[in-house]
Amino acid sequence: MERTEPLTNTDSSSTPGCAAAEKQAEQELAADTVPSVQYVLFPRKGGWSSFPYPDIVALFAAERGTLAYVSSRSAEQEQLPASIEVIPLSEAEKRLQEPRTVAVVTHPYWLMAVAAMRPEVCIALLPEPVGDEAASPLWESSISRLVGTADLVGTSSETRYMKLLFQGTRAIWLGGEDPSPAGYINHDGRSIPLRDYELFFLHALRQVLTGIPDSITSLQCRVRADYYRELRAKAGAHETISFLLSAYEYLLEDNHAADSLKEAFSHAVMHGRQDCIQSHYRFLSAIHARSGQTEQALQVYGISAGNEQERHHYEQLCRWLEAGEEQLVQAELLRINDDYGSAMRILDELGGETSRHWKFRIYQETERVEEALALIHASDIQDGASLRQYRQLSGAALALRGERHGAVRLFLEIAVEHEDALAGILELELLDQAVQQLLGEVP
């Protein structure tokens, strides 16, 4: 699906659907009781003043949580509130072995350091990139792998949030247009108002800590769909508003998704959008595929095939459908539209060797290293290329498990014949340097 930044409108009010969703979350939140938890915060560079989510940390404290901040500097240097303790990285590793201790990671370059500690629960609060971070391949790669190890992800980017939902990730968007309280929480004898996203985050946090299946995603999606529905009613049909509404309706399995998408596409055409066949119209293939309309979905994809490679792939999907592989065609069309979560559910139901190979591809694309490695069978390693791929995945998995020396040795062995394997070692060194900066040890 297209990655457009959503429009915002500060002059918005909650619709009845939003209010109902928030009320449901508030009632369930009030009914929950969660024992005290220790939160170990892995921050970004720059001290407390640059911490991306201080309000979320306040929620941890309100939940009777104790807070520790990982840094090589003093509390005074970090300018921390008195309620937050500073601990070195070595102490963080010890604490994360204790029960009811949660790692809260607020920068993707902590990836290897935190993954090696194997926390019982990991929460990723993704920051917006600073400086040249967004241009670095390491940035997105680290986020992908961090998300793959996290139990709950928060982000202030609605575009990122939607991408996570399409991947099937348990995620909360930490933003919104309505500043009015959606609920309250009691702390130190005071009733603290919560905005809707704070209410949703607390609810999701309690579900994670108590092992309850996710029910918050659909609630927040409903609120966002209502917002864009209301915005559309005020501003009229619009290529971005209608597209985002369609995406949320799709996630909610609302049968209006196709109509909203067609409306978005029509307006993109009218405004001369050159790439709207791929950026807007193609998403209709996912809508049809998930509703079981496989032939229509394939037809849409064929129309949107913009180059020789895509046309060849379309012909291949036609052959699969003629051969009776309808579920496989559906899964592939969903994957093409970045709906990895729905594609994986179909592949899980399908089973068999073909399903295993396509699940492996999805895990590779989303950088779910351990899951991809677990799907490789000895029979798959039949030539030098497949052996190299297996060993590179093994090296990445060893690094994530904290077995650094084993990972470096394996990358060096591969590099004897394939020099590009040295990139794995370079990445480890870059992440080590980044952690030193995050700790405040170097500028």
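Residues numbered from 1 in each chain as written. Predicted model: local features only at pLDDT ≥ 70, side-chain atom pairs only at ≥ 80, totals over all residues. Heavy atoms only, no water.

A. Highlighting the domain arrangement of the chain. By domain assignment, the chain separates into domain 1 (35–213) and domain 2 (378–439). Between domain 1 and domain 2, the C-alpha centre-to-centre distance is 28 Å. On the side of domain 2, 14 residues touch domain 1, which itself brings 21 residues to the contact. When domain 1 packs against domain 2, the two sides together hide about 1500 Å² of surface, and 70% of this comes from carbon and sulfur. (Domains from an automatic or database assignment. Contact = heavy atoms within 4.5 Å. Buried area = accessible area lost by both parts, 1.4 Å probe.)

B. A look at helix α20 (residues 384–400). Taking 1.5 Å of rise per residue, the 17 residues of α20 would be expected to cover 24 Å, and the 24 Å separating its terminal C-alpha atoms lies within 8% of that figure. Taken residue by residue, α20 has Ser386, Leu393, Ser394, Gly395, Ala396, Ala397, Leu398, Ala399 and Leu400 as its buried positions. Each element contacted by the buried residues of α20 is listed here: α5 (111–117), α18 (352–365), α19 (369–374), α21 (404–415) and α22 (422–439). Where α20 begins, the capping side chain belongs to Asp383, and its oxygen is found 3.3 Å from the backbone nitrogen of Ala385. Immediately beyond the C-terminal end of α20, within one or two residues, lies Gly402, with a positive phi of roughly 90°. (Helix = DSSP H or I, 4+ residues; strand = E, 2+ residues; numbered from the N terminus. Expected span 1.5 Å × (residues − 1). Buried < 20%, exposed > 50% of the residue type's maximum accessible area, 1.4 Å probe, protein only. Polar contact = N/O pair within 3.5 Å; in protein donor to acceptor, adjacent residues only side chain to side chain.)

C. Main features of the packing of aromatic side chains. Scanning all chains against the criterion turns up 15 aromatic pairs. On the basis of an interplanar angle of 15° and a centroid distance of 4.2 Å, the ring pair of Tyr39 and Phe60 is categorised as stacked. Highlighted residues: Tyr39 in strand β1 (residues 38–42) and Phe60 in helix α2 (residues 54–62), separated in sequence by 21 residues. In this structure, Tyr39 and Phe60 share a single accessibility class: buried. The interplanar angle of 50° and the centroid separation of 5.8 Å between the aromatic rings of Phe243 and Phe283 together place this pair among those described as tilted. One end of the pair, Phe243, is in helix α10 (residues 239–251); the other, Phe283, is in helix α13 (residues 283–290), with 40 residues separating them in the sequence. Chaining the aromatic ring pairs together yields one cluster made of Phe166, Phe243, Tyr250 and Phe283. Positioned above the aromatic ring of Tyr250, the side-chain terminus of Arg290 is 4.0 Å from the ring centre. (Phe/Tyr/Trp six-rings, centres within 6.5 Å; stacked < 30°, edge-to-face > 60°. Lys NZ or Arg CZ within 6 Å of the ring centre and 35° of its normal.)

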